[in-house]
Amino acid sequence: MSFRAGHVAVVGRPNVGKSTLVNALVGQKISITAPKPQTTRHRILGIASGEDHQIVLIDTPGLHPAEGRAISRHLNRTARAALDEADAVLLVAEAGRWTDDDEAALVAAIDSERPVVLALNKVDLVADKGALLPKLAELAGRHDFAAVVPVSARRRKGLDGLVRELTRLLPEAGPIHDPDDLTDRSERFLVGEMIREQVMRQLHAELPYAATVVVDAFESGPDLTRIAATILVERDGQKGIVIGAGGARLKSIGSAARISIEKLLGTRVFLELTVRVREAWSDDEVALRQLGYGE
């Protein structure tokens, strides 16, 4: 039995479930999820190892046409750079729905000149299953896909078939990473992302896009990990919203984040959060580099 290993760029429009699918394939949460665009802002590797394969999934921000702000340009650059280093592309779309942004993601995947597997996610949410086969046939006609695979990342359905299709596209090679590794990112990075996940989930309108997280201190112990982090926003009014009346919102963000972090680290966690204003950080290329965007 030959062993195959390589990189697969996971692309698609925002909110089709790319990160949920990566987490399901890896078997552990390494990418944060939220029902909002731009939840994923960084290039994150998810490493799915099996007896005959190691699929290194490159989770990317959703491709979108808007490039007005510096962070939007960064997100698109990150997603497109992943295509350049991949052996194959996993294009994720939503079953029963195809938009102009899906078409743009498909064009980017085709332009990479890599083999493309189309994963139609959220099939569990399609009420009329009889309409699914004609839709599969219609989408299959848009490109000479290496495979079209219906899946439900949330319910972990169809994943074995997807792994088989991706594995056969990878070169024969030994493992790229240690088989026990699940990601290339540090615990400190993942902690910051889990805090930002709660910012994305608990705050509304445009505020989550004006917020980012910096982990200031990370002291790991066998039974207790002490973490201090700052939530950066762009205006004083946003700072008040994140803190909430009597500090209630900040406490809620911290409590929910701490539960996820304790599950990740396997220790009790003392988490101290503060909120600070850094004006227009999301439209400042220098600030983005200082905050770790582009790494």
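Right, let's walk through the structure included here. (Residues numbered from 1 in each chain as written. Predicted model: local features only at pLDDT ≥ 70, side-chain atom pairs only at ≥ 80, totals over all residues. Heavy atoms only, no water.)

### A closer look at the packing of aromatic side chains
Note on aromatic pairs: each is described by the distance of the centres and the angle between the planes.
So, point 1. Applying the stated criterion across every chain yields a total of 1 aromatic pair.
So, point 2. A ring pair is formed by Trp281 and Tyr293, whose centres lie 5.9 Å apart and whose planes are at 20°; its orientation type is stacked. Taken together, the residues span a long stretch of sequence, with Trp281 in the loop between β9 (268-277) and α9 (285-290) and Tyr293 in the segment after α9 at a distance of 12 residues.
So, point 3. The ring of Phe270 is capped by Arg226, whose NZ or CZ atom sits 5.5 Å from the centre of that ring. (Phe/Tyr/Trp six-rings, centres within 6.5 Å; stacked < 30°, edge-to-face > 60°. Helix = DSSP H or I, 4+ residues; strand = E, 2+ residues; numbered from the N terminus. Lys NZ or Arg CZ within 6 Å of the ring centre and 35° of its normal.)

### Things to note about helix α4 (residues 132-140)
So, point 1. Buried within α4 we find Leu132, Lys135, Leu136 and Leu139. Viewed end-on, α4 has its buried residues packed into an arc of 105°, placing them on one side of the element. The outward face of α4, more than 90 degrees from its buried face, is lined by the exposed residues Leu133, Pro134 and Ala137.
So, point 2. Those residues of α4 that are buried are in contact with β5 (116-121) and β6 (147-150). (Buried < 20%, exposed > 50% of the residue type's maximum accessible area, 1.4 Å probe, protein only. Arc of directions from axis to C-beta. Contact = heavy atoms within 4.5 Å.)

### Description of the packing of helix α6 (residues 187-202) against helix α8 (residues 248-265)
So, point 1. In the contact formed by α6 and α8, the axes pass within 9 Å of each other and the chain directions differ by 140°. It follows from the interaxial angle that α6 and α8 lie oblique. Viewed along their axes, α6 and α8 form a crossing whose handedness is right-handed. Each of Glu187, Leu190, Val191, Met194, Ile195, Gln198, Val199 and Gln202 in α6 lies in contact with α8, whose residues at this interface are Arg249, Ser252, Ile253, Ala256, Ala257, Ser260, Ile261, Leu264 and Leu265.
So, point 2. Grouping the constituent residues of the contact of α6 with α8 by class yields 11 nonpolar, 4 polar and 2 charged. (Axes fitted to C-alpha atoms, helices over the stretch in contact; angles between N-to-C directions. Parallel < 35°, antiparallel > 145°, perpendicular 65-115°, else oblique. Left-handed = near helix turned anticlockwise from the far one by under 90°. Nonpolar A, V, L, I, M, F, W, Y, C, P; charged D, E, K, R; others polar.)

### Quick look at the side chain of Gln238
So, point 1. You can see Gln238 is positioned in helix α7 (residues 236-243).
So, point 2. By relative accessible area, Gln238 is classed as buried at 7%.
So, point 3. A distance of 3.0 Å separates the side chain of Gln238 from the backbone nitrogen of Arg235, its partner in a polar contact.
So, point 4. Dropping the residues within four chain positions of it, Gln238 is found in contact with Leu207, Ala210 and Val233. (Polar contact = N/O pair within 3.5 Å; in protein donor to acceptor, adjacent residues only side chain to side chain.)

### Quick look at the pattern of salt bridges
So, point 1. Within this structure, the stated rule accounts for 18 salt bridges.
So, point 2. Ionic pairing is found between Asp124 and Arg155, a salt bridge with its closest N-O pair at 3.4 Å. Linking Asp124 in the loop between β5 and α4 with Arg155 in the loop between β6 and α5 (159-167), this pair joins segments that are 31 residues apart in sequence.
So, point 3. What makes Asp124 partly exposed here is its relative accessible area of 23%.
So, point 4. Sharing partners across several salt bridges, the network here consists of Arg13, Glu94, Arg97, Asp102 and Lys122. (Salt bridge = Lys/Arg side-chain N within 4 Å of Asp/Glu carboxyl O.)

### A closer look at the nonpolar core
So, point 1. Ranked by internal contacts, the top residues of the largest apolar core, which has 54 residues, are Leu21, Leu90, Leu162, Ile195, Ile231 and Ile261.
So, point 2. If sequence neighbours within four positions are ignored, Leu90 has contacts with Val8, Ala9, Val10, Val11, Leu21, Val117, Ala119, Leu162 and Leu166. (Core = buried A, V, L, I, M, F, W, Y, C linked by side-chain atoms within 4.5 Å.)

### Details of helix α1 (residues 18-26)
So, point 1. In terms of residue burial, α1 counts as a mostly covered element, since 8 of its 9 residues are buried.
So, point 2. Residues Lys18, Ser19, Leu21, Val22, Asn23, Ala24, Leu25 and Val26 constitute the buried set of α1.
So, point 3. Contacts made by the buried residues of α1 are with β1 (4-11), β2 (44-49), β3 (53-59), β4 (88-94), β5 and α5.
So, point 4. Once α1 ends, the next one or two residues include Gly27, with phi positive near 95°.

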